[in-house]
Amino acid sequence: MRKATTLALLATGLVALGCGAGSTDDATNREADAGGAKGDDKPAKVAKIGQPARDGKFEFTVKSSKCGVAKIGTDMLGAKAQGQFCLVTVNVKNIGKESQMFDGSSQKAYAANGTEYSADGGAAIYANKNAETFLNDINPGNQVTGVVVFDIPKNVKLAKLELHDSPFSGGVTVSLT
């Protein structure tokens, strides 16, 4: 009996420690990512189509957004949308001091109701004539332009993008409306 109670208490203590081990102050992290000081009440800047927006080592400029595309590529090689494809043309410039890989799968799109959509990397292969530009490192000062593809339901309209220089960066918001 005593052994079971001791084991139960030990297990409970370990679970409690494990639950708090990875916690951080999210508000502080968001402010650090946005470059703001703690207690700074300024809203985060939201860029529009055609305006540069920075996250980490990348400066993004969304050139255009076109939704309602049913198929990308040719009859022999292509992708068919489950709903509709939204093709977002983005210029990505490395503003850092070392090479950085652009990862299309790190980019997110959002509907007005907050629903999040991930990029469709398979379809993006057919939307980019030089697909290798988005699979290679971008050296400092260099830039590439390509298409990030999102497969969303037919009745949905995208409101904004969240663009990231890496899967773990804070991201920057670009309004599509």
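To keep things clear, this report deals only with the structure shown in the data block. (Residues numbered from 1 in each chain as written. Predicted model: local features only at pLDDT ≥ 70, side-chain atom pairs only at ≥ 80, totals over all residues. Heavy atoms only, no water.)

## Notes on the packing of aromatic side chains
Argument step 1. Within the structure shown, the criterion is met by three aromatic pairs.
Argument step 2. Ring geometry for Phe58 versus Phe60: centroids 5.9 Å apart, planes at 80°, classification edge-to-face. Across this residue pair, the class does not change: Phe58 and Phe60 are buried.
Argument step 3. Members of the aromatic cluster, each reached through a chain of ring pairs, are Phe58, Phe60 and Phe102.
Argument step 4. Against the face of Tyr110 rests Lys160, its NZ or CZ located 5.2 Å from the ring centre. (Phe/Tyr/Trp six-rings, centres within 6.5 Å; stacked < 30°, edge-to-face > 60°. Buried < 20%, exposed > 50% of the residue type's maximum accessible area, 1.4 Å probe, protein only. Lys NZ or Arg CZ within 6 Å of the ring centre and 35° of its normal.)

## Observations concerning the pairing of strand β4 (residues 78–94)
Argument step 1. Of all 17 residues in β4, 12 are buried, a share of seventy percent or more.
Argument step 2. As paired strands, strand β3 (residues 58–73) and β4 are joined by 12 bridges and run antiparallel to one another. Opposite Lys71, over in β4, you have Lys80 as the bridge partner.
Argument step 3. Hairpin connection, β3 to β4: the antiparallel pair is bridged by four residues.
Argument step 4. Sheet topology places β4 next to strand β9 (residues 143–152); 10 bridges connect them, and they run antiparallel. From the neighbouring strand, Leu87 faces β9, where its bridge partner is Val149. (Helix = DSSP H or I, 4+ residues; strand = E, 2+ residues; numbered from the N terminus. Pairing = 2+ DSSP bridges.)

## Some words on the sheet that holds β3
Argument step 1. One open sheet accounts for four strands, arranged β2-β3-β4-β9; its pairing is antiparallel. Of all the strands in the sheet, just β2 (52–55) and β9 have a single pairing partner and so form its edges. Here the average twist between neighbouring strands, direction ignored, is 40°. (Axes fitted to C-alpha atoms, helices over the stretch in contact; angles between N-to-C directions.)

## A word on the nonpolar core
Argument step 1. Within the largest apolar cluster, 26 residues are counted, with the highest numbers of intra-cluster contacts made by Phe60, Val62, Val92, Phe150 and Leu161.
Argument step 2. For this core, the secondary-structure elements that each account for two or more residues are β3, β4, β6 (108–111), β9, β10 (158–163) and β11 (172–175).
Argument step 3. Residues in contact with Phe150, not counting those within four places in the same chain, are Gln84, Phe85, Cys86, Val88, Gln107, Lys108, Ala109, Tyr117, Ser118, Ala119 and Leu161.
Argument step 4. Counting 10 residues, the second-largest nonpolar core is a separate cluster that includes Val69, Ala79, Ala123 and Ala124. (Core = buried A, V, L, I, M, F, W, Y, C linked by side-chain atoms within 4.5 Å. Contact = heavy atoms within 4.5 Å.)

## Section: the sheet that holds strand β7 (residues 116–118)
Argument step 1. Read across the sheet, five strands follow the order β1-β11-β10-β6-β7 without closing on themselves; strand pairing throughout is mixed. If you trace the sheet from one side to the other, it starts and ends with β1 (46–48) and β7, each paired once. Going across the sheet, the axis of each strand differs from the next one's by a mean of 30°, ignoring polarity.
Argument step 2. As defined by bridge partners, β10 adjoins β11 across four bridges and the pair is classed as antiparallel. Paired with Leu161 across the strands is Val174, a residue of β11.

## Regarding the pairing of β10
Argument step 1. Bridging between β6 and β10 involves four bridges; their strand directions are antiparallel. Note that in β10 the partner of Ala111 across the bridge is Leu158.

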